[in-house]
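Residue-level structural notes
Residues per chain, in single letters:
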Amino acid sequence: MPALIIIVLLLVLMWVLLIRPQRRRQSEQEQLLSNLQIGDEVVTAGGLYGRIEDVRDAEVVVEIAPGTSVRIAKRAVAGIITEEEEDEELEEAEEPEEAEEPEEEPELEAAAEPEEEGEEPELEASEAKQRG
């Protein structure tokens, strides 16, 4: 009897943690696709941003650049971009990224200098181990 209770509890737990959230996401996506309107800013699953020009049964025509329109499947629309999200993206893009220049290692410069005749090069510990 206790084994049956454990199995039932595991099934309920799996339903609550896996199946229910997936159904909720699926219904939200279906609602999003049914509410697409001309003029909405969207992002596709492939990462294209654009404005909807035409909505058909299973397709959407999206303008991705001035004068450039593409026809995509409705189910490829990942989300609608709101003005707030667009403003946040512009702010992030305006922030300059500091490019770090890699510093040259002094060891490499020293190794590149020619050595005088008769002197043997000094081996580092790792090189000495490799050579035996």
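Attention in this report is confined to the structure presented alongside it.

Reading the values: rules and limits
- Residues numbered from 1 in each chain as written.
- Predicted model: local features only at pLDDT ≥ 70, side-chain atom pairs only at ≥ 80, totals over all residues.
- Heavy atoms only, no water.
- Helix = DSSP H or I, 4+ residues; strand = E, 2+ residues; numbered from the N terminus.
- Buried < 20%, exposed > 50% of the residue type's maximum accessible area, 1.4 Å probe, protein only.
- Contact = heavy atoms within 4.5 Å.
- Areas by Shrake-Rupley, 256 points an atom, 1.4 Å probe, with all protein chains shown as cover.
- Pairing = 2+ DSSP bridges.
- Core = buried A, V, L, I, M, F, W, Y, C linked by side-chain atoms within 4.5 Å.
- Salt bridge = Lys/Arg side-chain N within 4 Å of Asp/Glu carboxyl O.
- Lys, Arg positive; Asp, Glu negative; His and termini not counted.

Concerning the overall build of the chain
On a plain count of helices and strands, the chain comes out with four helices and five strands. Shown N-terminal to C-terminal, the secondary structure of the chain runs as helices and strands in the order α-β-β-β-β-β-α-α-α. Every one of the 132 residues in the chain was classed for burial, and the buried ones make up 14%. Within the chain, contacts between residues separated by at least 24 positions form 35% of all contacts whose residues are at least 6 apart in sequence. Accessible area for the chain stands at about 11,800 Å²; split by element, carbon and sulfur atoms hold 51% of it.

Points about the pairing of strand 2 (residues 49-55)
Direction of pairing for strand 1 (residues 41-44) relative to strand 2: antiparallel, over a ladder of three bridges. If you follow glutamate 41 over to strand 2, its bridge partner there is arginine 51. Between the antiparallel neighbours strand 1 and strand 2 lie four residues, among them glycine 47 with a positive phi of about 95 degrees. Bridge analysis of strand 2 against strand 3 (residues 59-65) gives four bridges, and the strand direction is antiparallel. Paired with arginine 51 across the bridge in strand 3 is glutamate 63. From the end of strand 2 to the start of strand 3, which pair antiparallel, there are three residues.

Some words on the nonpolar core
With nine residues, the main nonpolar core is built from Leu32, Leu33, Leu36, Val42, Ile52, Val60, Val62, Ile72 and Val77. Elements with a minimum of two residues in this core: helix 1 (2-34) and strand 3. Dropping the residues within four chain positions of it, leucine 33 is found in contact with Lys74, Arg75 and Val77.

Thoughts on the pattern of salt bridges
Applying the stated rule across the entire model yields four salt bridges. Put simply, arginine 51 and glutamate 41 hold a salt bridge, and the shortest N to O gap is 2.6 Å. One end of the pair, arginine 51, is in strand 2; the other, glutamate 41, is in strand 1, and 10 residues separate them in sequence. Take arginine 51: its relative accessible area is 40%, and that puts it in the partly exposed class. A salt bridge links arginine 56 to glutamate 59, with the shortest nitrogen-to-oxygen separation between them at 3.5 Å. Take glutamate 59: its relative accessible area is 26%, and that puts it in the partly exposed class. By sharing partners, the salt bridges in this structure join Asp54, Arg56, Glu59 and Arg71 into a single network.

Some details on the side chain of lysine 74
Along the chain, lysine 74 falls in the loop between strand 4 (68-73) and strand 5 (77-81). Buried charged residue lysine 74 carries no salt bridge. Nearest counter-charge: aspartate 57, at 6.7 Å. Not counting chain neighbours up to four residues away, the residues in contact with lysine 74 comprise Leu33, Leu36, Val55, Arg56, Asp57, Ala58, Glu59 and Val60.

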